[in-house]
Every structure is written in C-alpha cells, then in structure tokens.
Amino acid sequence: MAAEHVVIDLDEHGHEPAERSGITHGNVANRRKLLPQLVAAFVIGVVLGGIGVGELRDSRAQRERSTVVSLVALPESGYSGGSNSRGTVRLNGQLTLINTGPAPITIRAIQAERPGVQVRGMGQARLVRPGGVGQLLVDLQLECSTAFQPEPLSMRFSVETEDKRLREVRYPVALVGSAWQEDALRMCEPRLGS
C-alpha cells in the first residue's frame, strides 16, 4: 500500500479553509455579544452585593441595639407597712425604672446588698419600653445606724433583652435624701431615742 503524502504550501498566507474561517468569525461575533452581557451581570452583582452588605450591616446594627441596656433607677415612696426590730427596719418600697436604651427590656430580678442594707425585688417581671417608665415593688431591710451612707448603693438588675438573653446590669442608687430614707427614719426615730 502506498502512503499518502500531504503537501502544505507555506508561501500562501490568508487562505484558510472556509469552515475554519466561519468558526473564527462566529466566535468574534459571539464575543462581542457576550461582553455587554458580562458587564451587565457584573453591574447587577455589584448592586445586589451592595444591597446585601447594607442589609447585613442594618441587621447587625439592629442586633446590637437589641442587646443594649441603659436604665435609670429611682427610689420612690411606696411605704405599705414595715417593722422595726433591734435597730433594723423592714419596708415595702417602690423603685421607678426608666428605660433609656433603644430597645424594650424585661426586668426579671432586682437585688442589692451592703452592710446595713438589703434590697430584693418582689413580684412579677416587668416589661419597660424604650423611653418608658416601670414601677417595681421591693423589699427593703435597713439598719437604722448604718444604712444611709453617702456613697450610692450598687443595685443589680437581671434584665432580659430583645434577643431573649439575660444580662446583669448595675446602677448606683443614692439612698441619702431618698424617699426610702424618709420612710425608714420615721420608723428608726423611736428606736434611736431609746
């Protein structure tokens, strides 16, 4: 069998087979159509990505706001009975709480303790909206001779934030000059005089 020989003429330029030339021309046309589509897809991706990042940032900011606890606590007269034994007065009082934070909070528990003073929350949890005011009942045990020191009493609050987590928050409450001091001193005076 005789072998076939293929001759390639290297001197001729620009003569490509017809079918290959059509493919190349078709690829260039397809590339020209594809470029605007790629640019459009890129622009859409950037816009959607920007929106997604913006929403993620807003969501994160909302989550952070829902965890912030800021409050003010003020002793209020709510004297509804008490007892005096051996220089110690036991009273039922009220504590006014103002939610100065950006989200609602639920006060679950109140507690404070130092020599001569014990404060415990009584009753149910209280929801306080942002900018809102809540009244809470407290049980006070005060020693007539030592309870009213010039430094504020550090009160601990167990607070449930909007994200359903419990957080402990402290707030200093001035007892000197407060309604609690006035109520207690009325009961302490007979004991102090004896």
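Just above sits the structure.
Below or above, wherever it landed, is the structure these notes cover. (Residues numbered from 1 in each chain as written. Predicted model: local features only at pLDDT ≥ 70, side-chain atom pairs only at ≥ 80, totals over all residues. Heavy atoms only, no water.)

Quick look at the overall build of the protein now. Along the protein, the regular secondary structure elements total two helices and nine strands. Helices and strands appear in the protein in the N-to-C order α-β-β-β-β-β-β-β-β-β-α. In the protein, the proportion of contacts linking residues at least 24 apart, taken out of those at least 6 apart, comes to 66%. Of the roughly 13,100 Å² of accessible surface on the protein, a fraction of 55% belongs to carbon and sulfur atoms. (Helix = DSSP H or I, 4+ residues; strand = E, 2+ residues; numbered from the N terminus. Contact = heavy atoms within 4.5 Å. Areas by Shrake-Rupley, 256 points an atom, 1.4 Å probe, with all protein chains shown as cover.)

Here strand β4 (residues 105-114) pairs with strand β8 (residues 153-160) via five bridges, running antiparallel. Its bridge partner being in β8, A109 is matched across the sheet by S158. Where β8 and strand β9 (residues 166-173) come together, eight bridges link them in antiparallel fashion. Bridging across to β9, V159 finds its partner in R167. Hairpin connection from β8 to β9: five residues lie between these consecutive antiparallel strands, with K164 at a positive phi of about 70 degrees. (Pairing = 2+ DSSP bridges.)

It is worth spelling out the pattern of salt bridges at this point. Going through the model one piece at a time under the given rule, you end up with six salt bridges. Among the salt bridges present, the one from D139 reaches R90, with a minimum N-O distance of 2.8 Å. Here D139 is found in strand β7 (residues 133-143), whereas its partner R90 is found in strand β3 (residues 88-99), with 49 residues between them in sequence. What makes R90 partly exposed here is its relative accessible area of 40%. Residues E160 and R108 are paired through a salt bridge, measuring 2.5 Å at the closest nitrogen-oxygen approach. Taken as a pair, E160 in strand β8 and R108 in strand β4 lie far apart in primary sequence, 52 residues in all. Classification of E160 by relative accessible area gives buried; the value is 15%. (Salt bridge = Lys/Arg side-chain N within 4 Å of Asp/Glu carboxyl O. Buried < 20%, exposed > 50% of the residue type's maximum accessible area, 1.4 Å probe, protein only.)

Below, the discussion takes up the pairing of strand β5 (residues 117-122). As paired strands, β4 and β5 are joined by four bridges and run antiparallel to one another. In the sheet register, Q111 faces β5, and the bridge partner there is R120. What sits between β4 and β5 in their antiparallel hairpin is a turn of two residues, with G116 showing a positive phi close to 90 degrees. Bridge analysis of β5 against β7 gives six bridges, and the strand direction is antiparallel. Bridging from a neighbouring strand, G121 pairs with V138 of β7.

So, on to the nonpolar core. Core analysis: the largest hydrophobic core is formed by 32 residues, its most contacted members being L95, I107, V119, M155 and F157. Contributing elements (two or more residues each) for this core: β1 (71-76), β3, β4, β5, β7, β8, β9 and α2 (179-193). Not counting chain neighbours up to four residues away, the residues in contact with V119 comprise I110, Q111, A112, V138, D139, L140, L153, M155 and W180. (Core = buried A, V, L, I, M, F, W, Y, C linked by side-chain atoms within 4.5 Å.)

Turning our attention to the side chain of E160. Side-chain polar atoms of E160 contact the side chain of R108, separated by 2.5 Å. Residues within four places of E160 in sequence aside, it is in contact with I105, T106, R108, R165 and L166. (Polar contact = N/O pair within 3.5 Å; in protein donor to acceptor, adjacent residues only side chain to side chain.)

Another point: unusual backbone geometry. Notably, K164 is not glycine yet its phi reads approximately 70 degrees, a positive angle. Within the secondary structure layout, K164 lies in the loop between β8 and β9. Judged by its relative accessible area of 64%, K164 falls in the exposed class.

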